[in-house]
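# Structure assessment
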Amino acid sequence: MMLWLGISAAFAAPDVCADEALAQANSEEIKAMFEAGEEDRSVRSADAVSVLERDEKRAKVMMKYDKKAKLCTPQDKWYAAWMMQQSDDLEVLTRAYELAIEAMEGHADRGPWLVAFAFDHKRVAGGFRQSYATQTRVDAQGRTCLIHLEGDVTDEQRRQYGVETLQQVYRRVLDANGFSGDAPTEQRLKRNMLLCPPLAIKAKDRKRVRPPDPAVGG
């Protein structure tokens, strides 16, 4: 028995985060994958299918890194949480939100912004309204629309998380649809049919109209 335990220990996977050199090399790999994803963003419109496939692959790789405890630093967790936003699996998006919180608590750059974005993304993916106004989508008519808001977050809270105020969001959505002369108000978005319901990842979740009020950040 003792011999077997000795052999098992000898072949155990190394603790990446406990070894400074391994942790550094690991962080560089994660950063390289993140940068490759950002580079893909510039060609997404021309090569959407293959870019999507690479995005999904990167998200799966980050899930494996997470399960193997290979996300050693707050920045590693930020990169992983961002790449995992490309998943179409609600459980992955939920875990990405948790990693974003860990990145924020570790003082990673733009940690609060990613928490707000990931929170909204997982809510919308589940068929619920968003809170921070970070999520838009293209509707059946080709319009960029703002996904319905829960109304539980103030502009001051948005500022604390590094996201745009509602007026800034309204302006951006109106401009994207050619309504630059319209005032940036909810009324103008409604008039121009630029508010749309969330579209859940799972078909069974798409019948939701109004979810229970969530505890923001929960």
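Residues numbered from 1 in each chain as written. Predicted model: local features only at pLDDT ≥ 70, side-chain atom pairs only at ≥ 80, totals over all residues. Heavy atoms only, no water.

## Side note on the overall build of the chain
Under the convention used in this document: Comment: elements are numbered from the N terminus, with helices defined as DSSP H or I runs of at least four residues and strands as E runs of at least two. Relative accessibility decides the category of a residue: with a 1.4 Å probe and only protein chains considered, values under 20% of the type maximum give buried, values over 50% give exposed, and everything between is partly exposed. The contact rule is simple, with two residues in contact once any of their heavy atoms fall within 4.5 Å. To measure how exposed things are, a 1.4 Å probe is used in the Shrake-Rupley method; for residues, cover is taken only from the protein chains shown.
The number of helices and strands found in the chain is nine helices and three strands. Looking at the chain residue by residue over its 218 residues, the buried ones come to 40%. Nonlocal contacts in the chain, meaning residues at least 24 apart in sequence, comprise 55% of its contacts between residues at least 6 apart. Of the roughly 12500 Å² of accessible surface on the chain, 54% is carried by carbon and sulfur atoms.

## Notes on the packing of helix α4 (residues 74-83) against helix α6 (residues 111-125)
The relative placement of two packed helices is expressed as an angle between their axes plus a distance between the axes. Spelled out, the test is: Throughout, an axis means a line fitted to C-alpha atoms (over the contacting stretch in the case of helices), and angles, computed between N-to-C directions, take values from 0 to 180 degrees. An angle counts as roughly parallel when it lies under 35 degrees, as roughly antiparallel when it exceeds 145, as roughly perpendicular when it falls between 65 and 115, and as oblique in every other case. Crossings are sorted by hand: turned counterclockwise from the far helix by less than a right angle, the near helix makes the crossing left-handed, and turned clockwise it makes it right-handed. Gly is placed with the polar residues, together with every amino acid not listed as nonpolar (Ala, Val, Leu, Ile, Met, Phe, Trp, Tyr, Cys and Pro) or charged (Asp, Glu, Lys and Arg).
Put simply, α4 and α6 touch, their axes get as near as 11 Å, and they point 25° apart. If you check the angle between α4 and α6, you find them roughly parallel. When the axes of α4 and α6 are compared, the crossing they make is left-handed. Residue-level contacts link Trp78, Ala81 and Trp82 of α4 to Gly111, Trp113, Leu114 and Phe117 of α6. Looking at side-chain class alone, the contact of α4 with α6 contains six nonpolar, one polar and no charged residues.

## Quick word on helix α2 (residues 20-41)
For clarity, the threshold we go by: Working rule for helices: expected span equals 1.5 Å times residues minus one. By construction, the arc corresponds to the directions joining the helix axis to the C-beta atoms. Two N or O atoms count as a polar contact when they lie within 3.5 Å, although within protein this holds only if one can serve as hydrogen donor and the other as acceptor, and sequence-adjacent residues are included solely when both atoms are side-chain atoms.
Taking 1.5 Å as the rise per residue, α2 with 22 residues should run 32 Å; its terminal C-alpha atoms sit 32 Å apart, in good agreement. Regarding α2, the residues found buried are Ala23, Asn26, Ser27, Ile30, Met33, Phe34, Gly37 and Asp40. Seen from one end, α2 has its buried residues packed into an arc of 140°, which puts them on one side. Seen from the buried face of α2, the exposed residues on the opposite side, beyond 90 degrees, are Glu20, Ala21 and Glu39. Each element contacted by the buried residues of α2 is listed here: α3 (48-67) and α4. Sitting at the head of α2, Asp19 places a side-chain oxygen 3.0 Å from the backbone nitrogen of Ala21.

## Structural notes on the sheet that holds strand β3 (residues 195-196)
Pairing between sheet strands relies on hydrogen bonds along the backbone, with the strands arranged either parallel or antiparallel. For clarity, the cut-off: Two strands qualify as a pair provided DSSP detects at least 2 bridges between them.
Spatially, β1-β2-β3 is the arrangement adopted by the three strands of the open sheet, whose pairing is mixed. In this open sheet, the two strands that pair with only one neighbour each are β1 (136-138) and β3. The sheet contact formed by β1 and strand β2 (residues 144-147) spans three bridges and is antiparallel. Residue pairing in the sheet places Arg137 in a bridge with Cys145 of β2. Contacts between helix α8 (residues 166-176) and the sheet are confined to β1 and β2, with β2 contributing the most and set at about 155° to the helix.

## Observations regarding the nonpolar core
What counts is decided by this rule: Here the nonpolar core consists of buried residues drawn from Ala, Val, Leu, Ile, Met, Phe, Trp, Tyr and Cys, with membership extended through side-chain atoms lying within 4.5 Å.
Counting residues in each nonpolar core, the largest one holds 31 residues, and the members touching the most others are Met62, Trp78 and Met84. Secondary-structure elements contributing two or more residues to this core are α2, α3, α4, α5 (90-105) and α6. A total of seven residues in this core trace back to one element, the largest contributor, which is α6. Apart from residues no more than four positions distant in its own chain, Met84 is found in contact with Ala59, Met62, Met63, Val92, Leu93, Arg95, Ala96 and Leu99. The next biggest cluster of nonpolar side chains, apart from the first, holds 10 residues, and it includes Ala133, Leu146, Leu149 and Leu166.

## Thoughts on the packing of aromatic side chains
Heads up, the condition is: Between rings of Phe, Tyr and Trp, where Trp is taken as its six-membered ring, a pair exists when centres lie within 6.5 Å; planes separated by under 30 degrees are stacked, by over 60 edge-to-face, and by other angles tilted.
Inspection of every chain in the model, using the stated rule, returns 10 aromatic pairs. Considering the side-chain rings of Trp78 and Tyr79, the 6.2 Å spacing of their centres and the 90° angle between planes classify their relative orientation as edge-to-face. For the pair Trp78 and Tyr79, a shared accessibility class is recorded, and that class is buried. Here the aromatic residues Phe34, Trp78, Tyr79, Trp82, Trp113 and Phe117 are joined through ring pairs into a cluster of three or more.

## Focus: empty space enclosed by the protein
The condition is simple: For cavity detection a 1 Å grid was placed over the protein atoms alone, and a set of points counts as a cavity when a 1.4 Å probe fits there but cannot get out; an open set counts as a pocket when protein lies on both sides within 12 Å along at least five of seven lines, with lining residues being those that have an atom within 4 Å of a point. Grid points are joined across faces, edges and corners, and a volume is the space filled by probe spheres set on the points.
Counted by the stated rule, this structure contains one cavity of 30 Å³ or more. Of the pockets and cavities examined, the largest cavity occupies roughly 100 Å³. Among the secondary structure elements, those contributing two or more residues to the lining of the largest cavity are α2, α3 and α4. Ranked by residues supplied to the lining of the largest cavity, first place goes to α2 with four residues. Partitioning the lining of the largest cavity into residue classes produces three nonpolar, two polar and five charged.

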